[in-house]
Each structure stands twice: as structure tokens, then as C-alpha cells.
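Chain and residue survey
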Amino acid sequence: MSSPLAAPLVEIRGVSKRYGAVQANDVVDLSLYGGEVHALLGENGAGKSTLSRILYGFTRPDSGEIFLNGKAVDVHSPREARSHRIGMVFQNFMLIPALSVLENIALFLTDLPAVLRPEAVGKRIFEFGERFGLTVNPHAPVRQLSVGDRQKVEILKLLLAEARILIFDEPTKVLAPHEVDALFRVFAALKAEGFAILFITHKLREVIRCADRITVMRQGRVVGGFGSGQADVETLVTMMFGERGEIGATRQAGATRRPAEARPILELRGASSHATGSETPLRGLELSIAAGEIVGVAGVSGSGQKELGDLILGLRSLSAGSKWFCGANASSWSIARMRESGVAFVPEDPLVMAAVGGMSVRENLSLGTGRRYRSGVRLDWSALEATMNQSFEALAFPIPPLDPPIGALSGGNLQRVVIAREMAHEPKLIVALYPTRGLDVRSAASLRHLLRRARDGGSGVLLISEDLDELAEMTDRLLVLFGGALVGAFSRGAWQPEEVGHLMTGSKEVNVA
Amino acid sequence: MTTPLILGLLAGAILSGTSLLYATLGETIAERSGIVNLGLEGILLIGASVGFSVTAASGNAWLGLFAAGMAGGLANLLFGWLVVTRKANQLASGLAMMFFGFGASALIGARYVGAVIVGLPKWRPSWLAGFRWVKATTLFNYDLLTWVAIPVAVLVWWALFRTRWGLGVRAVGESPAVAFAAGRNPAVLQYQALSCGGVLGGLAGAHLSLSLTLTWSEYMTAGRGFIVIALVIFSKWNPLRAIAAALLFGGAESLQLQMQARGSLISPFLLDMSPYILTLIILVAWGGSRRLAAPAGLGRTFYGSE
């Protein structure tokens, strides 16, 4: 393999790690050189995260060794990893929204003096920012920053703490296309100064664009390695997924279909809302969802997606305009009435938004079913169970035990319970808010399949997502939300990711606040 | 109103505002680290009774003041053991601490009810005593705690916002998990913040018995600890704003006393209520804007980062 330096900066040899019945890492070898971007590719559960957590000292391997500059080292904790100049940018940023950029960075400096000298830290932030294209306003509170800027702060934190080996755990997941470009320019600048970058992802195109070397993992093993320019999408897909080749199949599924003059299920006419705190006010939304179509909403986080979902469900009231549901003015309907009328909600994080962790699965199944199972002052549990069992069967989900608290279920099972509940009463409208975020590739695929099936069965679907690939695959129409307003509308196949990306960020230029 | 009345009001505001300010500063430090101590009332009582008892027994008010600070610090460390180490619910533990303070202070002070002490010495710079209207009031005739109250507030602000320690405390109060990831020890920082807060609370209590009333009576704090919890919110967890907040409430207390002294026609019961009514008004007015200012981790228990 070609590399800019003779000896690797990091060498992982024969690392294995087992969690219960799962062999997360199975005798994995990996080397990282200074001045390279090394992509670690694999589907969820392939062992990429385990390997990076071992390198960063979060997890201890069952066997195997790590060599830094040719010397065997023990990395027992993140603190030790940092002392070996290894740094990691997590998917969930380690930032405190209330503190300024400067304070967030200072918190992680090992050589911070007892009395803070903000100018000195600010100067270093500025220097590194200029050098690597990571300019942010050091005095802005982090809560005001975009996701892309927050990521810059994370990278600056590592650089100021003198890390030389940088691990990025799916860094592009939450970024808009132009922010991804900016990140890759940062990669290039870092590479030029001899930093080693381990880039964990499952997005193939990005890997082919920016990686000098690619290592593919599957089921805990390294199944292939390529130099830059040696791999194409087809080869990588086959390696990642074995012989299954699911990706190609799902692409064709949503054939071009557009309901001819179907009646609208939901309409927003000039809908606006007020906002407090860090919320985004909605401004004059014109939106219509017909039976049998999936309408996608793209936007960078904080563009008003959550507020839009809340508005439709009735959690948020209109300050102007009106909301129509199946031809009736629903502007002032209660949440209960919206739900009883046939609105279902598939949220991003069920435990936060759609389930009560301490209550049993059965009790959770009854939530939001309104008056359907009321019998006198009691609830007709057996009727509820019968309906829910049917729903589980129709969805081909296994029926979970109903007595334990729902919080004890695994993430995937929990999501299934919520979906079964939401689908139980043949919803006319399904509002899906980042429904596949945090799901592994297969669960995400089955959820998408389910939404398409509901669409084919005559439901209207509103799919709010930040994943442009998902939107491209799923939607019949695509709307773009920016700053609480709809700034673009496209029919299926009639849009370019770059164009949507620019609309998503509200400008043609990469603006750095 | 006449000039003497206004000056009298101001003098009274500063006098009763002093203990409010120390207590507010102490609670601010604790809450910045993510811990709300509803038992502050108990800490104030312990400070007042220990300060008074030690002064009465030893005849030295400075010794009493020192003992009160120590007692406050120790009481808060006990509270810290409950909520940091034992991870008990902060609200329930705080209320328990309050009742503990009621009982402990009554026990400590029982022998000294009605005792006569020489309180903290007061002095007024001679160049200020020259003014006719100053001479007529207690204005600028203060003890050490009052004289250094505002510098202490500035010092607390500086410690929280300009030192490595303060950054750690604020980070723990916002997100213990991030602070932990940054290599700080959340428990240690919370204990440190609580002991500083306890010392300030003890001093605040001692100022009541050693300077303001010069007596000890059971439950003499009369809800000041709870007013202070509202003051912390009112001052948005900022030690500098706390100065103004304490003066405002000190003023309300002072106004009420002046009105009663002058035989106002308003019911004395209603006048007694005025600081608490002001507290309610402020909580109502401040209700909505609380979200951005409060430390995000306030009142939450950190179970470590698994």
C-alpha cells in the first residue's frame, strides 16, 4: 500500500472484542499513516464504532495490541488517548450550548492556566482557524451555531489540545452538502500538515471522493482494503453487504407515481407560528399533502422541522393562516382530535417523543388512542390488545411482551412498538420526523418500505429528514425548509442535491458566522 | 418623602441586603455547579445560631463569625454527601436539610436565648461622617461584612467567569458528562462549590444575629433562605446582578420596617408580607425568561458516564 511516510503512526494488531454473543471485532488489523485520510467503511454493526472506541480508550479489547510510532501502548481511557495525541469527534458533539465557543474549547485544554486568559485562547483559535479553514466566532454561544460550525469547534478543540491522530465518527451525517465540502477541505489542510485522519462512514461516494485508503469491515472483520482510486461503488457495496445487494434493490422501488388530482388530506394555508427561546418561527407555509403521496421536507437542523411536525399534530398553535384536514378547518383542533381523525406520528427518538419509559408496553400502546377503547371509566384493554396484535401482525413485527416497562426494550423493538401503535388505526396522514435516524441500515430499509406501503394503501405521508439520499429514494415531492419558511419545491427526480443543499442553507455561499 | 426618610431607607436596605447578598452569592455558586439547595434556610439558621452562641460564649464576635462560616460549610458538605455521593433527590434532601437546620440551630442557640453580646464592630470613615445628613442615619456605619459585600460579589463573579475552576464549575452545572469528558471530576467540583456556598451562607446567617438583631431567637431568618432562592433566579445566576437584587429586597424589608415604625395605617401583617409578595411578583415576571439563563443540569443527578 502506498503511504506518504515509511512507518505508520498507529498500528492496530489482532484486536478482538466480544459483547455477549456478538463478536464486535474479530482479529482486526489496521494501520494509520501521518498525512492520510483513512476511511473505515461498513454498515451499522460492522464493528467500526467498536474499533474506534478501542483506539480512543473508551472500550478495552479482549485481545490485540495498539502500537504508536512502533511502540506498544495501553490506551485505557480517553484521557490516556489524548495524552498520546489521539482525538475523536463524536456524532453527538461534546459541547455545552450555553457556553461560548472559547469556553468550550478552553474546557478541554490540558495546559489551561488557573486564571483564564481569554485573549490568548482566542488568538490560538484564530490561528488554527485560519490555518485549517475552521473559522468560527470564538465569543458566540455554541447554541447559536449551525451543526457545521459546531463540528468545527469540535475539531478546533482537538487541534488546540495538540492531537495528531483524529478519529471522525460519521462526521457527514448531519451536514448539508456544502458543509461536507468544507469539511473535506479541512481534511485536506490537516493532511498536508501530516495529521492522520480516520474517517468512519457508510456513505460510499464520500469515501471515494476524499479517502487515500479505504478499509471495509463486515461482521467484525476487515474484509478488504483499497488505495485511492482502486475502488468503485459496486465493489464497495458488494464488500459491505456481502452478496445481499440490498441497496440496489431499494433504489428502484419507488417508481414514479403521482396521484392524479387526489384530494388533499392535509393543507396548510399561510400557516405561521410564534417561537420562544431557540425555536424557529414558521412563516407563511403553503403545503398540501394528498392521499397516496409521500411529501419530503429537507432542511438543515433547526430550520423549523420540529415546529412543523408540532403544528400539524396540534402541539403548537397557529399565529396566522389555517390548517385543513380532509376538507375541514382543523386550525384549532386539539391534539386528541387530530389523532382521532387519523394522524399518526413516527418520531426520531421514541423514548423522548412517543413513549413513557417507566410505563409498561401495554400502557404505552394505549397512549394517544384517545377515546377509542373507553368503556365507561375503564379502558377496554382486551380490545386494545386485539387491535394492536393485528397491527403487529400486519407489519410482520414480533409481538413483544406487554408487561415489562417499555424502556427495557432495545431501541429497534421500542421503535416497532411505537410504529405498530401509530399504524393500528389506518392513519390517513403519517408525520415521520427523522424516522430512520439512529436505525441500522436494515431497520431503516424496513421502515422505508413500511412508509411506502402506507402510501400505496392511500395514506398521505410527510417525511421530514436531513438525509438527502433517503429523500431522493422515498419522496414523490420534495419541499425545502429554511428559517421556518418553505423555500423550494420539486417533483420527484427533478432536483440536484447541490441545488437543494444551497436552498437548505439559504444562500449560494458558504457563510461563516 | 423627606431626605432623612430616603437615607434611612437606603441605610436599612444595605444593612438587611448584606446577608441576602452573601446568601445569594453562596447559592449562586452551588446552583452554577448544578445543585439547588432548598435547605439554605437551614444553613442560614445554623450560621446565625452558631455565630451567636460562639460570640456569647467567647465574647469575640470575630470568632463567632469564623465558626458560623465553618458550620455553614460543613452543613453544605453534609448536603453534598447526600446529593452528590449518595445521589439522593436534591429537592427532598434540601427540605430535609432545612428542617435539620431548624432543629440544630434551636438546640445550639437554646442556652443563649436572651444573651447580650457585643456584635461585629462598625465604623464609618471620618470624611463621610462630616456630612450632616449622613450623621443622622446609620448610613456608611457598617461592619466589615457589609463593607466588603460588593467586593466579595465581584470576587465570586471573577472566580466563576475568569478562572479555570469557575469554568469547570459552570461546565458541570451545564453538562456533567461533557465536563467529565474534559477530564474534570464533577463530584469534586460540586463539593467545592457547595462548601464555598455553605461558608457564604453561614456568614449570611451570622450577619443577621451578630450585626442586625444582636439577639438569637428561633427561626429568626423568617424565610430569607427561600427569598434568596428566588433572588438567584432574579439575578439570572449572575453574582453582579445579585448585588442589585439583594439591595432591592433589602429595600423592601427596610421600607416595611420604616412604615411600621412610623405607625402606618397599613396592617402590619400586610407589611410583614411585603418581601414575600415582591418575591412572588418577581417569580411571575421572570417566569418565562428563565430557560436560557438557568444552568442546564440544575437539579439533575449525574450517574457517571457509562
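Residues numbered from 1 in each chain as written. Chains lettered and ligands numbered in written order. Predicted model: local features only at pLDDT ≥ 70, side-chain atom pairs only at ≥ 80, totals over all residues. Heavy atoms only, no water.

A few points about helix H1 (residues 48–55) of chain A
Residues and elements named next belong to chain A. Most of H1 sits inside the fold, with 6 of its 8 residues counted as buried. Burial in H1 covers these residues: Lys48, Thr50, Leu51, Ser52, Ile54 and Leu55. Phi turns positive, to about 85°, at Gly57, one or two residues after H1. (Buried < 20%, exposed > 50% of the residue type's maximum accessible area, 1.4 Å probe, protein only. Helix = DSSP H or I, 4+ residues; strand = E, 2+ residues; numbered from the N terminus.)

Re the domain arrangement of chain A
Residues and elements named next belong to chain A. Domain assignment breaks chain A into domain 1 (10–249), domain 2 (264–342 + 427–513) and domain 3 (355–425). In this assembly, 10 residues from domain 2 lie in contact with 12 residues from domain 3. The largest share of the area that domain 2 buries against domain 3 comes from Arg339, Glu340 and Leu450, three residues that together contribute 51% of it. Where domain 2 packs against domain 3, one counts 1 salt bridge. (Domains from an automatic or database assignment. Contact = heavy atoms within 4.5 Å. Buried area = accessible area lost by both parts, 1.4 Å probe. Salt bridge = Lys/Arg side-chain N within 4 Å of Asp/Glu carboxyl O.)

Digging into the confidence of the model for chain B
Confidence in the prediction of chain B, expressed as mean pLDDT, is 89, and 95% of residues score 70 or more. With pTM at 0.76, the complex prediction returns an ipTM value of 0.88. (pLDDT = per-residue confidence, 0-100.)

A few points about the interface of chain B and chain A
Contacts between the two partners involve 18 residues from chain B and, on the opposite side, 21 residues from chain A. The contact between chain B and chain A buries some 1700 Å² in all, and 65% of this surface belongs to carbon and sulfur atoms. Applying the counting rule to chain B against chain A returns 1 salt bridge. Residue Glu103(A) is joined to Arg170(B) by a salt bridge in which the shortest nitrogen-to-oxygen separation is 2.7 Å. Where chain B touches chain A, the interface holds 5 residue pairs in polar contact (both at pLDDT 80 or more). Elements represented by at least two residues in the side of chain B that touches chain A include exactly helix H8 (149–162), helix H9 (164–174), helix H10 (176–181) and helix H15 (290–293) of chain B. (Polar contact = N/O pair within 3.5 Å; in protein donor to acceptor, adjacent residues only side chain to side chain.)

Details of the environment of Val500(A)
Residue and element names in this part refer to chain A. With respect to the element layout, Val500 can be found in helix H18 (residues 497–505). Judged by relative accessible area, which is 0%, Val500 ranks as buried. Through-space distance from the C-alpha of Val500 to that of Leu468 is 8.8 Å; in sequence the pair is 32 residues apart. The residues touching Val500, leaving out its near neighbours within four places in the chain, are Ala298, Leu468, Leu478, Val480, Phe490 and Trp495.

Thoughts on the packing of H8(B) against H9(B)
Packed helix pairs are specified by the crossing angle of their axes together with the interaxial distance, meaning the distance between the axes. Residues and elements named next belong to chain B. In contact at an axis separation of 5 Å, H8 and H9 are set at 75° when each is read in the N-to-C sense. Here H8 lies roughly perpendicular to H9, going by the angle between them. On the side of H8, the interface is formed by Ala159, Leu160, Phe161 and Arg162, while H9 contributes Arg164, Trp165, Gly166, Leu167, Val169 and Arg170. (Axes fitted to C-alpha atoms, helices over the stretch in contact; angles between N-to-C directions. Parallel < 35°, antiparallel > 145°, perpendicular 65-115°, else oblique.)

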